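# Secondary and tertiary structure notes
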Amino acid sequence: MEQETLDKINALTRREFKAEELYTFPVVLCGNEIDRDFERFSDDALEQMAPLFIGKTIISDHDMKAENQVARLYDVQVISDPEALTKDGRPYKYLKGFAYTVYTEKNADLITEIDAGIKKEVSVSCASARRICSVCGASVLDAPCEHQRGQMYDGKLCHYIIDGVTDAYELSFTPVPAQPDAGVTKSYHEKGGNTMEQDFTPITTKADFDTAVQEAVNAAVAAKAAEFEGFISPEEHQQALDALAAEQKSALRKAYCEKAALMTGLPDTLASRLTGDTEEDILKDAQMLSAATKSGFATPHFDASGTPMDGVEKAFFEKNPDLKK
Ligand SMILES: [Zn+2]
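Residues numbered from 1 in each chain as written. Predicted model: local features only at pLDDT ≥ 70, side-chain atom pairs only at ≥ 80, totals over all residues.

### Here we look at the overall build of the protein
Looking only at helices and strands, the protein has eight helices and 11 strands in total. The buried share of the protein, taken over its 325 residues, is 26%. By sequence separation, contacts in the protein at least 24 residues apart represent 63% of the contacts at least 6 residues apart. (Helix = DSSP H or I, 4+ residues; strand = E, 2+ residues; numbered from the N terminus. Buried ≥ 20, exposed ≤ 12 C-beta atoms within 10 Å, placed from the backbone. Contact = placed C-beta atoms within 7 Å.)

Okay, structure coming up:
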């Protein structure tokens, strides 16, 4: 172990450690590739994170209990890979961390697992102030734009650029499958946050909440505007309402007539001939007509050779043979 490495480690320890007491290993923290959430760190964010992660612990299983704090970062560097480009053609950069732990009985399994390549993926937690839309440059936490992450605009993939990293928290060894870019998974906090690892899906910050509310309000306003499209004046709006009311009134009257015809045993074909504006008047009219024609309609299903009124008249004159047609 180089003296420089030993010095860096001993700057973080309570007592002076000897090289033979220490086990060191590298980890990849995160990079500037667009991830599965259609987000990426800006190159500046990587530079901001590097010093913030020095001295931070690597824990097992996202549990901050002291016994799970198994290693610590003594150096973090931004590495440029001249051979590699990101999906959208930028030079690929990533954060490489150098960690140490102490050879103890308790750490023996961990060291074996790291040596065997079993423990090699870490997730990072950090706080960031901004998310920038890659299409229009809007700071979407402050003022949401119309672009959707994951959609193409003029042949370019819209994604959010995480920028303005203000704090770095712990790293976790994680069993979660690797991200496509750097072989790590990432998570981070928005504006403050605590030391718990978190993902993006749940709304846990005021900024995220405000964004969600604004999106909901925008959608509701757009829906209302679409609903009233065409009703360009209050007069036209009123006409539409009146037409609707007339339609409902007509439908209601028709229902009253059918009901009255059914109650009085009149054939369906006579229902439309009933007069009256109220349910009561219509029923009275139906009763009168029914009484007048009772003998002529043994069944409610009228099968007259002529029109319904012909049938009524026929029945009427059959009952009143002395009257002339
Ligand atoms: Zn945008």
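Next comes the rest of the description.
### Quick look at the environment of Y74
Position of Y74 among the secondary structure elements: in strand 4 (residues 69-85). The buried category is assigned to Y74, around which 22 C-beta atoms lie within 10 Å. Along the primary structure Y74 and P51 are separated by 23 residues, whereas in three dimensions their C-alpha atoms are 9.9 Å apart. Excluding its chain neighbours within four sequence positions, the residues that come into contact with Y74 are K8, I9, L12, I54, F98, A99 and Y100.

### Let's talk about the nonpolar core
With 36 residues, the main nonpolar core has L29, M49, F53, I58, L95, A99 and V122 as its most contacted residues. In terms of residue count, strand 9 (residues 160-173) provides more of this core than any other element does, eight residues in total. When neighbours within four sequence positions are excluded, M49 is seen to be in contact with L95, C126, V165 and A168. If you look at the next biggest cluster of nonpolar residues, it comprises 11 residues, including C257, A261, L266 and L289. (Core = buried A, V, L, I, M, F, W, Y, C linked by C-beta atoms within 7 Å.)

### Examining the confidence of the model for the protein
Mean pLDDT over the protein stands at 77; residues scoring 70 or higher make up 69%. Within the protein, strand 10 (residues 185-186) has the poorest average pLDDT of any element, 38, and helix 2 (residues 43-53) the best, 95. Note on residues 176-201: pLDDT is under 50 here. Beyond four places in sequence and across chains, it has 69 contacts. Here residues 295-306 scores under 50 on pLDDT; set against residues more than four positions off or in separate chains, the count is 20 contacts. (pLDDT = per-residue confidence, 0-100.)

### Things to note about the environment of D268
You can see D268 is positioned in helix 6 (residues 268-271). Judged by the 14 C-beta atoms lying within 10 Å of it, D268 falls in the partly exposed class. Residues D268 and C257 lie 11 residues apart in sequence; the distance between their C-alpha atoms is 9.1 Å.

### With respect to helix 2
The complete set of buried residues in helix 2 reads A45, L46, Q48, M49, A50 and F53. G55 sits one or two residues past helix 2 and shows a positive phi near 90°.

### Quick word on unusual backbone geometry
Its identity as a non-glycine residue notwithstanding, F38 has a phi of 60°, on the positive side. Mapping F38 onto the fold places it in the loop between strand 1 (22-31) and strand 2 (39-41).

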